[in-house]
Amino acid sequence: MLNVILFGAPGSGKGTQSELLARHYGLQHLSTGDLLRAEIRTGSELGKEIDELISKGNLVPDHQMVHLIAHYIDDLPKDCKGVIFDGYPRTVEQADALTLLLRRRGMDAVMLELMVDEDEIIKRLLERGKSSGRADDNFDTIKKRLRIYQEVTKPVSAYYLRHHNYFLINGNYSMEQTFEQIDTILRLRGAKAITESAGHTSENK
Ligand code: B4P
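Please read all numbers here as calculations on a predicted model, not as lab measurements.

The rules behind each value
- Residues numbered from 1 in each chain as written.
- Predicted model: local features only at pLDDT ≥ 70, side-chain atom pairs only at ≥ 80, totals over all residues.
- Heavy atoms only, no water.
- Phe/Tyr/Trp six-rings, centres within 6.5 Å; stacked < 30°, edge-to-face > 60°.
- Helix = DSSP H or I, 4+ residues; strand = E, 2+ residues; numbered from the N terminus.
- Buried < 20%, exposed > 50% of the residue type's maximum accessible area, 1.4 Å probe, protein only.
- Near = heavy atom within 4 Å.
- Polar contact = N/O pair within 3.5 Å; in protein donor to acceptor, adjacent residues only side chain to side chain.
- Areas by Shrake-Rupley, 256 points an atom, 1.4 Å probe, with all protein chains shown as cover.
- 1 Å grid on protein atoms, 1.4 Å probe; cavity = no way out; pocket = protein on both sides within 12 Å on 5 of 7 lines; lining within 4 Å.
- Sits in = over half its atoms within 2 Å of the grid points.
- Nonpolar A, V, L, I, M, F, W, Y, C, P; charged D, E, K, R; others polar.
- Expected span 1.5 Å × (residues − 1).
- Arc of directions from axis to C-beta.
- Contact = heavy atoms within 4.5 Å.
- Salt bridge = Lys/Arg side-chain N within 4 Å of Asp/Glu carboxyl O.
- Points joined across faces, edges and corners; volume = space filled by probe spheres on them.

**Q** Before we go on, may I ask you to explain the packing of aromatic side chains in this structure?
**A** Describing an aromatic ring pair means giving the distance of the ring centres and the angle of the ring planes. Under the definition given, this model contains two aromatic pairs. Look at Phe7 and Tyr149: their rings are 5.9 Å apart centre to centre, the planes differ by 45 degrees, and that puts the pair in the tilted class. One end of the pair, Phe7, is in strand 1 (residues 4–8); the other, Tyr149, is in helix 7 (residues 139–153), with 142 residues separating them in the sequence. Here Phe7 matches Tyr149 in class, with each residue buried. Consider the rings of Tyr159 and Tyr160, whose centres lie 5.1 Å apart with planes at 55 degrees: the pair is tilted. Side by side, Tyr159 and Tyr160 carry an identical accessibility label, which is buried.

**Q** It is not clear to me how the site of the ligand should be interpreted in this structure. Could you clarify?
**A** Taken together, 28 residues surround the ligand, and among them Thr16, Thr32, Asn58, Arg128 and Tyr173 come closest. Between the ligand and the protein, one listed contact pairs a nitrogen atom with a backbone N or O atom of Val60 at 3.1 Å. Burial of the ligand by the protein chains amounts to 88% of its free accessible area of 1,000 Å². Among the cavities detected, the one that contains the ligand is the largest pocket. Counting residues per element, the shell around the ligand draws most heavily on helix 2 (residues 32–42), at four residues. The residue makeup of the shell around the ligand, split by class, is ten nonpolar, eleven polar and seven charged.

**Q** Sorry if this is basic, but what is going on with helix 7 here?
**A** In an α-helix, one turn spans 3.6 residues; hence positions three or four apart end up facing the same way. In this model, helix 7 (15 residues) spans 20 Å end to end at C-alpha, consistent with the 21 Å of a helix rising 1.5 Å per residue. Along helix 7, the positions that sit buried rather than exposed are Thr141, Ile142, Arg145, Leu146, Ile148, Tyr149 and Thr153. Around the axis of helix 7, the buried residues are gathered within 165 degrees of arc, so they sit on the same side. Seen from the open side of helix 7, the exposed residues pointing more than 90 degrees away from its buried face are Asp140, Gln150 and Glu151. Residues of helix 7 that are buried in the fold lie against strand 1, helix 3 (45–55), strand 4 (110–115), helix 6 (118–132) and helix 8 (155–162).

**Q** Help me understand the pattern of salt bridges in this model?
**A** When their charged atoms lie close together, side chains carrying opposite charge are able to pair. Inspection of every chain in the model, using the stated rule, returns 14 salt bridges. Residue Arg124 pairs with Glu120 through a salt bridge whose shortest N-O separation is 2.9 Å. Placement of both Arg124 and Glu120 in helix 6 is noted, with a separation of four residues, approximately one turn of the helix. Here the salt bridges share partners, and the residues they tie into one network are Glu120, Lys123 and Arg124.

**Q** Explain empty space enclosed by the protein to me, please; I cannot follow it from the model alone.
**A** Taking a probe equal in size to a water molecule and rolling it over the atoms shows the remaining empty space. For the coordinates displayed, the defined rule picks out one cavity of 30 Å³ or more. Lining the largest cavity, in full, are Leu6, Phe7, Gly8, Lys14, Gly87, Tyr88, Pro89, Arg90 and Thr153. Tallying contributions element by element places strand 1 first for the lining of the largest cavity, with three residues.

**Q** Which parts of the structure should I look at to understand helix 4 (residues 62–74)?
**A** Spanning 13 residues, helix 4 covers 18 Å between terminal C-alpha atoms, matching the ideal 18 Å at 1.5 Å per step. For helix 4, the complete set of buried residues consists of Met65, Ile69, Ala70, Tyr72 and Ile73. Burial along helix 4 is one-sided: seen end-on, the buried residues are contained in an arc of 165 degrees. Turned more than 90 degrees away from the buried face of helix 4 sit His63 and His67, all of them exposed.

In structure tokens, the structure reads:
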């Protein structure tokens, strides 16, 4: 299985690149942000608590996130080729939990960190805010999320660097150019792209 952690600051393009990768390699895409927003839309008590946190730019507590990920991994289909973890882990505790959950199943994960300049991030998120309807896509909340990212989330990359499962991607380029960098790394690691033709799926050598 090919498990990829797409890591980076808010707005660095994790969701965008995850969608391209999921299509190209036939991987499952787990966006914790999307999962949390889906819970908010149900109107449940849990959803209300999550809404309160996310809209103010805070992280959801580790125990809730770990619970969610454990269920997700348990429910993966038998023929799963791998998972893209988009937005998880965001703390060292979450990284520890993921390592254990994967190790129990004889798996590991590679981290790809998207590095993007702060000015570019703010520009992208303000642009996204014009149509996203997301309560966290405004200047003050973006600045707060970037601060939390530096203090709490960024140390997670050192964790993967120590285990030699880490690659740095320059995410300042266009979506296509950024994807090319990721694709090159994954191909060098032996990943195979899928191509859909005439109703069947075949693998590129
Ligand atoms: P997420 O939903 O994960 O989203 P994000 O960090 O805001 O954005 P992402 O990096 O995916 O950027 P995108 O591709 O959209 O997090 C939301 C919140 O959920 C968190 O703040 C937190 O509260 C909570 N949460 C999620 N996971 C959690 C966890 N594990 N623990 C605790 N809390 C958690 O790109 C941004 C914009 O840029 C888009 O409009 C896109 O079109 C554009 N763009 C992307 N790439 C571009 C490029 N190369 N050039 C130009 N524009 C580009």
